[in-house]
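Each chain, written out:
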Amino acid sequence: MTTTPESPYQSYVYAYPHKTAYRPLPDRPSLAELWRGEKQDALSLYLHIPFCEVRCGFCNLFTRIGSPEGLTTAYLDALERQAGQVRDALSGTAGFALAAFGGGTPTYLTAAELERLCDIAEHRMGADLRGIPLSVEASPDTATADRLKVLAERGTTRLSLGVQSFLDEEARSAVRPQKRAAVEAALGRVRDAGFPVLNIDLIYGIDGQTPASWVTSLDAALSWQPEELYLYPLYVRPLTGLGRHADHATSPEWDAQRLTLYRAGRDHLLAHGYEQVSMRMFRRAGAASASAGEYACQTDGMVGLGCGARSYTSKLHYSFDYAVDAREVRRIIDDYVAAPDFSRAELGWEMTDEETRRRHLVQSLLQGEGVDLTAYRERFGSTPGQDFPSELAGFAANGWLAEDGDRLLLTPEGLAWSDAIGPRLFSAGVRERMAGYAPK
């Protein structure tokens, strides 16, 4: 008997648990206490810039549209204060294996402000941006030559450009005002800047999109020979532009459309020499990789700076408040900019042994290479089958699981259902917290 859920599009699980499971920490533990005794030789550094020139209709990220005069300077001032206090909480020998600037849109900042952002990462945090992989997100309108020059000179190895669709009418449908000519010009500037890895983000499931128009966008992206492509299914979330007007956030017809487009996109990229890394990510065979060979997302810590960034130790994941609504986002940014003290964790989720096992499984199984069973046994003294028998049995019954030597993998159909598989691995406690979260 199979246990296929109603929709393959439950939730994009990019981290576990999601921030909507976080709650205020009554004891507000000090960062020095949290990081004491933690493995700190291969940390990840994330700097969050919560500004965009426009908000796309599908976007539920923590970001503000525009900024009054002086706000970006004040934000970088706060980021620098936070960096100094966070660095003091880490050990003197803490090291970073990779870094990323995200948002929002980091390239919303001017070239001079991007220089300062890099200085904060390097001089305040001690990250060697030219010696480790550095990924930066950008939009076509903000990918200007002067900004890209700064990022290239400071060591950016991966530039990710949010395109979503090369067709103007589809961009309008997704409430993303852009023209293909501007996108192509931005891609030319990115290639001229010489980043080792170009990633292009595309979205399928847009109203009016067809398999033919989807392939048109894919071919337009392929003409730039990007090292990476991310294919995202469209989601309609509360408080987003599309969410305020949609009367069919989910439907069997839309699910079928997205699955059809996913399979068409996957097969098209595989036929053009790309390898599937996960449901969303495809990498050109033989292309440079922007990942860090010694960093393992299942085990190594994250240090996040900025009001929308998350951090995690082995025992606690923590962040500031989270919102989508414009007024709430402005309030949180204003509070962050005015804060003098960043030495304590405000909101978070405590990681028990069970949650750590779940996180390891989620972070591994949803990747194309799957779970390294030897590494899992060495870390936990058990197997995923022993720890999560009912969940894995359900996946196997649906034809979603396979074993290859000492690896537990998702089948091709399992990868297609990743956004249903991930949520099924959430604990009851995380589900309860997420269900009790009031969107704001």
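Conventions adopted
- Residues numbered from 1 in each chain as written.
- Predicted model: local features only at pLDDT ≥ 70, side-chain atom pairs only at ≥ 80, totals over all residues.
- Heavy atoms only, no water.
- Helix = DSSP H or I, 4+ residues; strand = E, 2+ residues; numbered from the N terminus.
- Polar contact = N/O pair within 3.5 Å; in protein donor to acceptor, adjacent residues only side chain to side chain.
- Contact = heavy atoms within 4.5 Å.
- Phe/Tyr/Trp six-rings, centres within 6.5 Å; stacked < 30°, edge-to-face > 60°.
- Lys NZ or Arg CZ within 6 Å of the ring centre and 35° of its normal.
- Buried < 20%, exposed > 50% of the residue type's maximum accessible area, 1.4 Å probe, protein only.
- 1 Å grid on protein atoms, 1.4 Å probe; cavity = no way out; pocket = protein on both sides within 12 Å on 5 of 7 lines; lining within 4 Å.
- Points joined across faces, edges and corners; volume = space filled by probe spheres on them.
- Nonpolar A, V, L, I, M, F, W, Y, C, P; charged D, E, K, R; others polar.
- Salt bridge = Lys/Arg side-chain N within 4 Å of Asp/Glu carboxyl O.
- Pairing = 2+ DSSP bridges.
- Core = buried A, V, L, I, M, F, W, Y, C linked by side-chain atoms within 4.5 Å.
- Right-handed = clockwise from strand over helix to strand, strands pointing away.
- Axes fitted to C-alpha atoms, helices over the stretch in contact; angles between N-to-C directions.
- Left-handed = near helix turned anticlockwise from the far one by under 90°.

Draft legend 1. Local environment of the side chain of serine 217. Along the polypeptide, serine 217 turns up in helix α7 (residues 211-222). In this structure the side chain of serine 217 is engaged in a polar contact, spanning 3.4 Å, whose partner is the side chain of serine 165. If we ignore the near neighbours within four places in the chain, the residues touching serine 217 are Ser165, Phe166, Leu167, Glu170 and Leu202.

Draft legend 2. A look at the packing of aromatic side chains. Following the criterion strictly, the structure yields 17 aromatic pairs and no others. Of the aromatic side chains, those joined through ring pairs into one cluster are Phe51, Tyr75, Tyr108, Phe320, Tyr336 and Phe342. One residue, arginine 258, lies across the ring of tyrosine 235, its end atom 5.9 Å from the ring centre.

Draft legend 3. Expanded view of the side chain of arginine 357. Following the sequence through the fold, arginine 357 ends up in helix α11 (residues 353-365). Under the relative-accessibility criterion, arginine 357 is labelled buried at 15%. A polar side-chain atom of arginine 357 sits 3.3 Å from the main-chain carbonyl oxygen of phenylalanine 380. Residue contacts for arginine 357: discarding those within four places in its chain leaves Tyr376, Phe380, Ser382, Asp387 and Phe388.

Draft legend 4. Structural detail: empty space enclosed by the protein. The tally for this structure, following the rule as stated, stands at one cavity of 30 Å³ or more. Within this model, the largest cavity holds a volume of roughly 40 Å³. Lining the largest cavity, in full, are Ser11, Tyr12, Val13, Tyr14, Ala15, His18 and Phe426. When grouped by side-chain class, the residues that make up the lining of the largest cavity number five nonpolar, two polar and no charged.

Draft legend 5. Spatial organisation of the pattern of salt bridges. Inspection of every chain in the model, using the stated rule, returns 29 salt bridges. One salt bridge in this structure joins arginine 191 and glutamate 227, with 3.1 Å as the shortest N-O distance. Remark: glutamate 227 occurs in the loop between α7 and β9 (228-233) and arginine 191 occurs in helix α6 (residues 180-193); sequence separation between them is 36 residues. You can call arginine 191 partly exposed: its relative accessible area is 24%. A salt bridge links aspartate 419 to arginine 280, with the shortest nitrogen-to-oxygen separation between them at 2.6 Å. Placement of the pair is aspartate 419 in helix α16 (residues 418-424) and arginine 280 in the loop between β10 (274-276) and β11 (281-284), with a sequence separation of 139 residues.

Draft legend 6. Structural context of the sheet that holds strand β17 (residues 401-404). Read from one edge of the open sheet, three strands run β16-β18-β17, paired in antiparallel fashion. Here the strands that pair on one side only, and so sit at the sheet edges, are β16 (371-372) and β17.

Draft legend 7. Just the nonpolar core, in detail. Counting residues in hydrophobic clusters, the biggest one holds 118 residues, and the most contacted among them are Leu45, Leu202 and Leu365. Here this core takes eight residues from helix α2 (residues 71-89), the largest share from any one element. Discounting residues that sit within four places of it in the chain, leucine 45 has contacts with Phe96, Leu98, Ala99, Ala100, Ala121, Met125, Ala127, Val303 and Leu305. Within the second largest apolar cluster, six residues are counted, among which are Ala174, Ile203, Leu234 and Trp254.

Draft legend 8. Here's a closer look at the environment of valine 150. If you trace the backbone, valine 150 turns up in helix α4 (residues 145-153). The class of valine 150 is buried, set by a relative accessible area of 6%. C-alpha of valine 150 to C-alpha of glutamine 276: the two residues are 126 residues apart in sequence and 31 Å apart in space.

Draft legend 9. Quick peek at unusual backbone geometry. Residue proline 17 is reached from tyrosine 16 by a cis peptide bond, and omega for that bond is -5°. Note that proline 17 resides in the segment before β1 (23-24). In this structure, glycine 104 follows glycine 103 across a cis peptide bond, with omega equal to 15°. Note that glycine 104 resides in the loop between β5 (96-103) and α3 (111-124). Notably, arginine 28 is not glycine yet its phi reads approximately 40°, a positive angle. Position of arginine 28 relative to the elements: it lies in the loop between β1 and α1 (31-35).

Draft legend 10. Quick peek at the pairing of β5. When you tally the buried positions in β5, you get seven out of eight residues, the bulk of the element. Bridge analysis of strand β2 (residues 43-49) against β5 gives seven bridges, and the strand direction is parallel. Counted as the bridge partner of leucine 47 is phenylalanine 101 from β5. Where β5 meets strand β6 (residues 134-138), three bridges bridge the pair, whose relative direction is parallel. By the bridge assignment, alanine 99 is partnered in β6 with leucine 134. For the segment spanning β5, α3 and β6, crossover handedness is right-handed.

Draft legend 11. Representation of the packing of α7 against helix α9 (residues 252-271) within the structure. Viewed as axis vectors pointing N to C, α7 and α9 meet at an angle of 35°, and their least axial separation amounts to 10 Å. Relative to α9, α7 is oriented so that their crossing is right-handed. Counted together, Pro211, Trp214, Val215, Leu218, Asp219 and Leu222 of α7 and Thr260, Leu261, Ala264, Gly265, His268 and Leu269 of α9 form the full contact between these two elements. Looking at the contact of α7 with α9 residue by residue, the classes come out as eight nonpolar, three polar and one charged.

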